[in-house]
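Given next are the chains, with one letter for each unit.
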Amino acid sequence: MEKITKITPTEFDIMDEIKSRWSPRAFDDVPLSESEVKQLLEAGRWASSSYNQQPWRIIYGLKGDAVYERILSCLIPFNQDWAKNAQALFITAFKKTNKDGEPYYHAMHDLGLFMGNVVIQANHNGIAAHHMGGLDQEKAHQEFDFSEDFEVATAVAFGRYGGAVESLPEGLQEQELEQERSRMSITDFAFNGNFESK
Ligand SMILES: Cc1cc2nc3c(=O)[nH]c(=O)nc-3n(C[C@H](O)[C@H](O)[C@H](O)COP(=O)(O)O)c2cc1C
């Protein structure tokens, strides 16, 4: 299957691992091994976090195992329709209280740094990741027996780039084939001075 590559119109030159990343909904049907997934978790493990508290927790399932099916059952139907082709699925969660038992304001930030490392390592290895906010967080919390001081954040689908676009529901095929990615301009979100409302 020919791999889709996207045009990423950068304003400055950046490393290829970041530039070539995108979030497919079709994945190659070559399985991911547990050690490939553990390597991604290793990359996440070395993210920085507030006071090194490492608030991230991950449930992972590999296609064919029971955990995978349990994660899939927590996704909203829109995401189930395409994520069922992924080779690995994550539920991500974070600790809501810090070392002093107070609200851990930066916990979701730190989970984001963790996942940033994971997706860049994945891309380096030819593995694509697609984050999902579309899941039943409460259901996932119960399903995987999280304790009260943890909150489920997202699910993530993984698989090698190069999946068959035809495997997707018709409505999603066009989006998968869109050629150019887009972002706000740097001048719209970064200010060498006061905040500007744009
Ligand atoms: C926290 C988060 C939640 C997202 N939720 C969904 C989702 O539920 N379903 C989906 O198809 N894509 C979801 N996405 C994917 C985004 O739509 C996608 O990352 C964005 O359009 C930018 O595209 P790119 O990752 O290919 O650059 C989510 C992404 C993030 C980071």
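Provided above is the structure to which this section pertains.
The structure contained in this document is the topic of the report that follows. None of these values were measured; they are calculated from a predicted model.

On a plain count of helices and strands, the protein comes out with eight helices and four strands. Its C-alpha atoms give the protein a radius of gyration of 18 Å, near enough to 16 Å, the size a compact globule of 198 residues would have. Across its three principal axes, the protein shows a C-alpha extent of roughly 50 × 50 × 30 Å. For the protein, buried positions account for 39% of its 198 residues.

On to the nonpolar core, then. The nonpolar side chains of a soluble globular protein tend to be buried with one another. Formed by 28 residues in total, the largest nonpolar core has its most connected members in Trp 82, Ala 83, Leu 89, Ile 91, Met 132, Phe 146 and Ala 157. Every element with two or more residues in this core is listed here: helix H3 (66–72), helix H4 (77–83), strand E2 (88–95), strand E3 (127–132) and strand E4 (150–160). With four residues, the top contributor of residues to this core is E4.

The next thing to look at is the site of the ligand. By nearness alone, 14 residues border the ligand, and Ser 23, Arg 25, His 130, Gly 133 and Arg 181 come closest of all. One of the backbone N or O atoms of His 131 is found 3.1 Å from a nitrogen atom in the ligand. Within the backbone of Gly 134, an N or O atom sits 3.0 Å from an oxygen atom of the ligand. Going through the elements one at a time, H4 and E3 are the ones with two or more residues in the shell around the ligand.

Further remarks concern the environment of Gly 193. Mapped onto the elements, Gly 193 comes out in the segment after helix H8 (186–189). On the accessibility criterion, Gly 193 (55% relative accessible area) is exposed. Linking Gly 193 and Glu 178, residues 15 residues apart in sequence, is a C-alpha distance of 36 Å.

Moving on, we get to the pattern of salt bridges. A full pass over the atoms with the stated rule returns six salt bridges. Here Lys 38 ties to Glu 34 by a salt bridge, and the two come within 3.6 Å at their closest N and O atoms. Linking Lys 38 with Glu 34, this pair stays in helix H2 (residues 34–45), spanning four residues, or about one helical turn. Looking at Lys 38, the relative accessible area reads 44%, which means it is partly exposed. Classification of Glu 34 by relative accessible area gives partly exposed; the value is 37%. Notably, a salt bridge pairs Arg 160 with Glu 36, separated by 2.8 Å at the nearest N-O pair. Residue Arg 160 is located in strand E4, and its partner Glu 36 is located in helix H2; the two are separated by 124 residues in the primary sequence.

The rules behind the values
- Residues numbered from 1 in each chain as written.
- Predicted model: local features only at pLDDT ≥ 70, side-chain atom pairs only at ≥ 80, totals over all residues.
- Heavy atoms only, no water.
- Helix = DSSP H or I, 4+ residues; strand = E, 2+ residues; numbered from the N terminus.
- Rg over C-alpha atoms; globule rule 2.2 N^0.38 Å.
- Buried < 20%, exposed > 50% of the residue type's maximum accessible area, 1.4 Å probe, protein only.
- Core = buried A, V, L, I, M, F, W, Y, C linked by side-chain atoms within 4.5 Å.
- Near = heavy atom within 4 Å.
- Polar contact = N/O pair within 3.5 Å; in protein donor to acceptor, adjacent residues only side chain to side chain.
- Salt bridge = Lys/Arg side-chain N within 4 Å of Asp/Glu carboxyl O.

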